[in-house]
Amino acid sequence: DAGITQSPRHKVTETGTPVTLRCHQTENHRYMYWYRQDPGHGLRLIHYSYGVKDTDKGEVSDGYSVSRSKTEDFLLTLESATSSQTSVYFCATRGIMNTEAFFGQGTRLTVV
Amino acid sequence: SQQGEEDPQALSIQEGENATMNCSYKTSINNLQWYRQNSGRGLVHLILIRSNEREKHSGRLRVTLDTSKKSSSLLITASRAADTASYFCATDEETSGSRLTFGEGTQLTVNP
């Protein structure tokens, strides 16, 4: 299995607070992705990175920011959490474009 | 809206039967991939088919791709209870570089 670790695995936070989720990989993969998974919507792409300091928006990027200061870490920040951001967040990586992606175990975030 | 849409949303069959899931997408692609997700876990890659391929096999899996109809199907033959999971298609769009987008998924239940 690819070495992808998401932290925290579970988090409950209050509306309006900032939250940062971390994805750490040991595979030296160039590409990293953040998705959210909600019932009836499958996985939706939030942001992705194609190299250190190189990121781009996905389908549902409003309210989220990302940073990638080194190859192994991709951070997802909710600047001011809202209840609509309650979801399960998955990180994925891949070494080469147009190949299979490897997923972390997910972070369950609840905004109350 | 999402790139991929899967049909049916849910499928329930008996062990030993075949299961067919379909995926439609909107834009030109480099490849289409299928992933499996067991409840509460991260996604696992099953198979990738490139845009210039029409059919691909891997064990009990058979994938077809029709780029003229922008659709793909995943066939699982001789299903087992252990095949119970959600199945997602994902596409690498031709013009989006490293972006990887997913459909809404099909929930497959295989009854013993």
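One can find the structure itself at the top, above this paragraph.
Residues numbered from 1 in each chain as written. Chains lettered and ligands numbered in written order. Predicted model: local features only at pLDDT ≥ 70, side-chain atom pairs only at ≥ 80, totals over all residues. Heavy atoms only, no water.

Comments concerning the sheet that holds strand 3 (residues 19-25) of chain A
Residues and elements named next belong to chain A. On the basis of which strands lie adjacent, the open sheet formed by four strands has the order 1-3-8-7 and antiparallel pairing. If you trace the sheet from one side to the other, it starts and ends with strand 1 (4-7) and strand 7 (64-70), each paired once. Sheet twist, expressed as the average angle between the axes of neighbouring strands with direction ignored, equals 15°. Across five bridges, strand 7 lies against strand 8 (residues 73-78) in antiparallel orientation. What sits directly across from Tyr64, in strand 8, is Leu78. (Pairing = 2+ DSSP bridges. Helix = DSSP H or I, 4+ residues; strand = E, 2+ residues; numbered from the N terminus. Axes fitted to C-alpha atoms, helices over the stretch in contact; angles between N-to-C directions.)

Quick word on the nonpolar core
All names here are of chain B. Counting 21 residues, the largest nonpolar core has Met21, Leu32, Trp34, Leu74, Ile76, Tyr87 and Leu108 as its most contacted members. Broken down by secondary-structure element, the contributors of at least two residues to this core are strand 2 (10-14), strand 3 (19-25), strand 4 (29-37), strand 5 (43-50), strand 7 (61-66), strand 8 (71-76), strand 9 (85-93) and strand 11 (106-111). Here this core takes four residues from strand 3, the largest share from any one element. If sequence neighbours within four positions are ignored, Met21 has contacts with Asp7, Trp34, Ser72, Ser73, Leu74, Ile76, Tyr87, Thr106 and Leu108. (Core = buried A, V, L, I, M, F, W, Y, C linked by side-chain atoms within 4.5 Å. Buried < 20%, exposed > 50% of the residue type's maximum accessible area, 1.4 Å probe, protein only. Contact = heavy atoms within 4.5 Å.)

Quick notes on the state of the cysteines
Simply put, the disulfide is a covalent bond whose two ends are the sulfur atoms of two cysteines. One pass over the full model with this rule turns up two disulfides over all chains. At a sulfur-sulfur separation of 1.9 Å, the disulfide partner of Cys23(A) is Cys91(A). Measuring handedness by torsion sign, the sulfur bridge of Cys23(A) and Cys91(A) sits at about -70° and is left-handed. Of this pair, Cys23(A) sits in strand 3 while Cys91(A) sits in strand 9 (residues 87-94), and the two are 68 residues apart along the sequence. Disulfide pairing places Cys23(B) opposite Cys89(B) at an S-S distance of 2.0 Å. In this structure, the disulfide formed by Cys23(B) and Cys89(B) twists by about 65° around the S-S bond and is classed as right-handed. Placement of Cys23(B) in strand 3 and of Cys89(B) in strand 9 is noted, with a sequence separation of 66 residues between them. (Disulfide = S-S within 2.5 Å.)

A closer look at unusual backbone geometry
Here the residue pair Ser7(A) and Pro8(A) is connected by a cis peptide bond, since its omega of -10° sits within 30 degrees of zero. Here Asp7(B) and Pro8(B) are connected by a cis peptide whose omega angle stands at 0°. Tracing the chain through its elements places Pro8(B) in the loop between strand 1 (4-7) and strand 2. Despite not being glycine, Asn28(A) has its phi angle at roughly 60°, a positive value. Turning to its location among the elements, Asn28(A) is positioned in the loop between strand 3 and strand 4 (31-38). Overall, the relative accessible area of 65% leaves Asn28(A) in the exposed class. Positive phi, close to 65°, is recorded for Asn98(A), a residue that is not glycine. As for its position among the elements, Asn98(A) is in the loop between strand 9 and strand 10 (102-103).

Geometry only, nothing functional implied.
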